[in-house]
Amino acid sequence: MPIRGPVNVKLYKKDEAETLRVGPLTIRVYEDGSLTENRVSSVTVELPPGQSGPPMHWHRFHDELFLVTKGTVAFVTPDGEVTASVGDMMTVPPGAVHTFKNASATEPAECYMTATPGHYVDYFRMLAKATTTGKQLTSEDVEHLMALFGTFPPGVQSEP
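Because the structure is a prediction, the values reported are computed rather than measured.

Calculation criteria
- Residues numbered from 1 in each chain as written.
- Predicted model: local features only at pLDDT ≥ 70, side-chain atom pairs only at ≥ 80, totals over all residues.
- Heavy atoms only, no water.
- Pairing = 2+ DSSP bridges.
- Helix = DSSP H or I, 4+ residues; strand = E, 2+ residues; numbered from the N terminus.
- Axes fitted to C-alpha atoms, helices over the stretch in contact; angles between N-to-C directions.
- Core = buried A, V, L, I, M, F, W, Y, C linked by side-chain atoms within 4.5 Å.
- Buried < 20%, exposed > 50% of the residue type's maximum accessible area, 1.4 Å probe, protein only.
- Contact = heavy atoms within 4.5 Å.
- Lys, Arg positive; Asp, Glu negative; His and termini not counted.
- Salt bridge = Lys/Arg side-chain N within 4 Å of Asp/Glu carboxyl O.
- Polar contact = N/O pair within 3.5 Å; in protein donor to acceptor, adjacent residues only side chain to side chain.
- UniProt positions renumbered as here; feature names shortened; annotations may be inferred.

## Overview of the sheet that holds strand β7 (residues 80–85)
- Read from one edge to the other, the open sheet built from 3 strands follows the order β7-β6-β9, with strand pairing classed as antiparallel. Each edge of the sheet is formed by a strand with only one pairing partner; in this case those strands are β7 and β9 (99–102). Taking each pair of neighbouring strands and ignoring which way they run, the sheet shows an average axis angle of 25 degrees.
- Sheet analysis places strand β6 (residues 72–77) next to β9, joined by 4 bridges and oriented antiparallel. Paired with V76 across the strands is T99, a residue of β9.

## Thoughts on the pairing of strand β5 (residues 63–70)
- Note that β5 and strand β10 (residues 109–116) share 7 bridges and pair antiparallel. The residue bridging E64 from the neighbouring strand is A115, located in β10.
- As judged from the 4 bridges shared by β5 and strand β8 (residues 89–92), these two strands associate in the antiparallel manner. Note that in β8 the partner of L65 across the bridge is T91.

## Quick look at the nonpolar core
- Within the largest apolar cluster, 30 residues are counted, with the highest numbers of intra-cluster contacts made by V43, V45, Y123 and F124.
- Listed by contribution, the elements that provide at least two residues to this core are β1 (18–22), β2 (25–31), β3 (41–47), β5, β6, β10, α1 (121–131) and α2 (139–147).
- When residues of this core are assigned to their parent elements, the largest contribution, 5 residues, is made by α1.
- With residues near it in sequence (within four places) discarded, Y123 still touches V142, L145, M146 and F149.

## With respect to the side chain of E31
- Mapping E31 onto the fold places it in strand β2.
- Within the buried set, E31 has no salt-bridge partner at all; the shortest N-O distance to an opposite charge, 6.5 Å, is to K10.
- A polar atom in the side chain of E31 sits 2.9 Å from the backbone nitrogen of S34.

## Considerations on the UniProt feature "domain: Cupin type-2" (unreviewed entry) in the protein
- Residues annotated by UniProt as "domain: Cupin type-2" (unreviewed entry) correspond here to residues 44–113.
- Within the segment residues 44–113, helix and strand shares are 0% and 56% respectively, and the terminal C-alpha atoms sit 6 Å apart.

The following block contains the structure:
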């Protein structure tokens, strides 16, 4: 059904974004899907020098786009590693095994990430909440949280 009537837009300012700390990573939530009926969410991910992102994984239900906005980010897949610089974008469709890391040991990196559907932002919120006490999550803890959002390690088959 087409949208009828006026639809409001929203400007998100960096200093007003919801800020999550997941270990050494800083994730700023700009759109969590609440204004897009969960069609898309957007965050920035700040990676300190030499820092890795999540363990290698794939998503059953959602797409991700990563636009590098600062430094260099290495995207790792079973086929190898590719380094993206400022202005480069990586597309990750459902089923694609991947992870990412800061490609520099001395400079910080940042990427702007979108996820569809938008509710995937809640995965970051759950990770942040689970680690606020300083608790180190086990690989089993992380895999459990990932599975809640249709995200799995490479060894899990894509079809039941």
